[in-house]
Amino acid sequence: MLSYSKKRTFIFSLVLLLLLSFIPSLNTYADETAAVPEIPDSIYVYDGADVLSENAETNLKTRAENLFNNSNIQISIVTVNTLNGENIETFADSLMRKWKVGGEEGRGLILLLDIDEDIYVTISGDALKTKFTSEVLQTLLNDKLEPDFYVSLYEEGINAFFTEAYYMAEDFSAELEEEAAIKAEQELIAEAERKESAANSFWTTLLIILIVIIVLIIAFFVTVYVRGQIVRKRRREAARRRRAMERRTERSRRDYL
């Protein structure tokens, strides 16, 4: 029969052995978790599943670089053998953030294919969501990628998807440039109107000031004239009164004599 201390030692040893037995399985699970690849030399094509020919990969990179140079929009094609059950949308989002596809403005689009799991997804950056909505992206996948992907023609499906996305991105860039040009023109017109309004306001204010000055000058001269007339009238009246008094004084003197 085991003593209490021996029982405790036995139980502790048993628990330790159980924990040690779980460590390999934990390591295996960690190894099976798909890790986001480090940023490659070119973020435009990452063919981890090796489903693209060298010519196709080169052509995609060249066209993607041209699109970026002409429109500042990046399209990234990524293939992997397996994500080991990890959510493909979460993985694609992690790719976009880690690789900074589309830059800080979010002008990027990623197509991710998990070959072993036979699934794929495409996501767009914030700046492209008005053009590449969820519905548009799903239609793009259904019409351009799925027919070839279904029969394992991955290169053909990727090319079809990329070509359509490329033209859509070019159109969107042109729309953005047109909107920017219209906005710039509107701002120039608004600025010209503000300057014209300011100029009109200046001349209007100056005219009002001039009118006020003229009115004040006229009022001054009218006041001076009126006061002069009043003074002269008072002087004439004073002179008449003085002459009348002198005449009365003279008559009184003659009458006295």
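Right above here is the structure, for reference.
In this report, the structure presented in the accompanying data block is examined. Along every chain, residues carry numbers that run from 1 in the direction the sequence is written. Local features are withheld for residues below a pLDDT of 70 in this predicted model, meaning they are given only at 70 or higher, and side-chain atom pairs are given and counted only at 80 or more; totals for whole chains, interfaces and linings count all residues. Working from all heavy atoms in the structure, the side-chain values ignore hydrogens and water.

The next subject is the side chain of R63. A run of H or I in DSSP counts as a helix once it spans at least four residues, and a run of E counts as a strand once it spans at least two, with each numbered from the N terminus. Tracing the backbone through its elements, the reader meets R63 in helix α2 (residues 54–71). For each residue, the accessible area found with a 1.4 Å probe, counting protein chains only, is set against the maximum for its type, and the residue is called buried under 20%, exposed over 50%, and partly exposed in between. His residues and chain termini do not enter the charge count, which takes Lys and Arg as positive and Asp and Glu as negative. By salt bridge we mean one thing: a side-chain nitrogen of Lys or Arg within 4 Å of a carboxyl oxygen of Asp or Glu. The buried charged residue R63 lacks any salt bridge, with E170 as its nearest oppositely charged partner at 7.9 Å. Only 3.3 Å separates the side chain of R63 from the side chain of T163, close enough to count as a polar contact. What qualifies as a polar contact is a pair of N or O atoms within 3.5 Å, subject to a donor-acceptor requirement within protein and to the restriction that residues adjacent in sequence count only when both atoms come from side chains.

Take α2 next. Multiplying 1.5 Å by the helix residue count minus one yields the expected span of that helix. Look at α2: 26 Å from first C-alpha to last across 18 residues, which is about the 26 Å you get at 1.5 Å a residue. Positive backbone phi, at 65°, marks N72, one or two positions downstream of α2.

Here K129 shows up in the loop between β4 (119–124) and α4 (134–150). Looking at K129, the relative accessible area reads 42%, which means it is partly exposed. As for K129 and G108, which are separated by 21 residues in sequence, their C-alpha atoms are 9.8 Å apart. Within polar-contact distance, the side chain of K129 engages the backbone oxygen of S124 at 3.0 Å.

A separate point is unusual backbone geometry. Here D50, not a glycine, exhibits a phi torsion of approximately 55°, which is positive. The residue D50 is located in the loop between β1 (45–47) and α2 in this model. At K100, a residue that is not glycine, the phi angle is positive and equals roughly 55°. The residue K100 is located in the loop between α3 (88–99) and β3 (108–114) in this model.

Before going further, it helps to examine the sheet that holds β1. Pairing between two strands requires that DSSP report at least two bridges joining them. Strand order in this open sheet of four strands is β1-β2-β3-β4, and the pairing throughout is mixed. Because the sheet does not close on itself, it has two edges, and the strands there are β1 and β4. Adjacent strand axes in the sheet meet at a mean angle of 10°, parallel and antiparallel pairs treated alike. Both β1 and strand β2 (residues 74–80) contribute to a ladder of three bridges, which runs parallel. Only C-alpha atoms enter the line fits that serve as axes; for helices the fit covers just the stretch in contact. Angles between N-to-C directions range over 0 to 180 degrees.

Ring pairs are drawn from Phe, Tyr and Trp, using the six-membered ring of Trp, whenever the two centres fall within 6.5 Å, and their geometry is named by plane angle: stacked under 30 degrees, edge-to-face over 60, tilted for the rest. All chains considered together, the criterion is met by seven aromatic pairs. Ring geometry for F149 against Y154: centres 5.2 Å apart, planes inclined by 65°, an arrangement best described as edge-to-face. We classify F149 as buried; its relative accessible area is 3%. Through a chain of ring-to-ring contacts, three or more aromatic side chains come together here, namely Y120, F149 and Y154. Across the ring face of Y166, the terminal group of R63 is positioned such that the distance to the ring centre comes to 5.2 Å. Should the NZ of a Lys or the CZ of an Arg lie within 6 Å of a ring centre and within 35 degrees of the ring normal, that charge is described as sitting over the ring.

Let us look at the environment of Y46. Among the secondary structure elements, Y46 is positioned in strand β1. Here the alpha-carbon distance between Y46 and V80, two residues 34 residues apart in the chain, equals 8.4 Å. In what follows, residue pairs with any heavy atoms lying within 4.5 Å of each other are defined as contacts. Discounting chain neighbours no more than four positions away, the residues touching Y46 are P37, P40, I77, V78, T79 and W99.

Right, let's talk about the layout of surface pockets for a bit. Method remark: on a 1 Å grid restricted to protein atoms, a set of points is classed as a cavity if a 1.4 Å probe fits but cannot get out and as a pocket if it is open with protein on both sides within 12 Å along at least five of seven lines; lining residues have an atom within 4 Å of a point. Grid points are joined across faces, edges and corners, and a volume is the space filled by probe spheres set on the points. Looking at the largest pocket, its volume works out to about 250 Å³. For the largest pocket, the lining is made up of 13 residues, of which V121, T122, I123, S134 and L137 are closest to its centre. Elements represented by at least two residues in the lining of the largest pocket include exactly β4 and α4. Tallying contributions element by element places β4 first for the lining of the largest pocket, with five residues. Taken together, the residues of the lining of the largest pocket sort by class into six nonpolar, five polar and two charged. If you go around the second largest pocket, you meet 13 residues; those closest to its centre are M96, R97, V101, G103 and G106. Here the element with the most residues in the lining of the second largest pocket is α3; it accounts for three residues. Throughout, the ten residues Ala, Val, Leu, Ile, Met, Phe, Trp, Tyr, Cys and Pro are labelled nonpolar, Asp, Glu, Lys and Arg are labelled charged, and all others, Gly among them, are labelled polar. When grouped by side-chain class, the residues that make up the lining of the second largest pocket number two nonpolar, four polar and seven charged.

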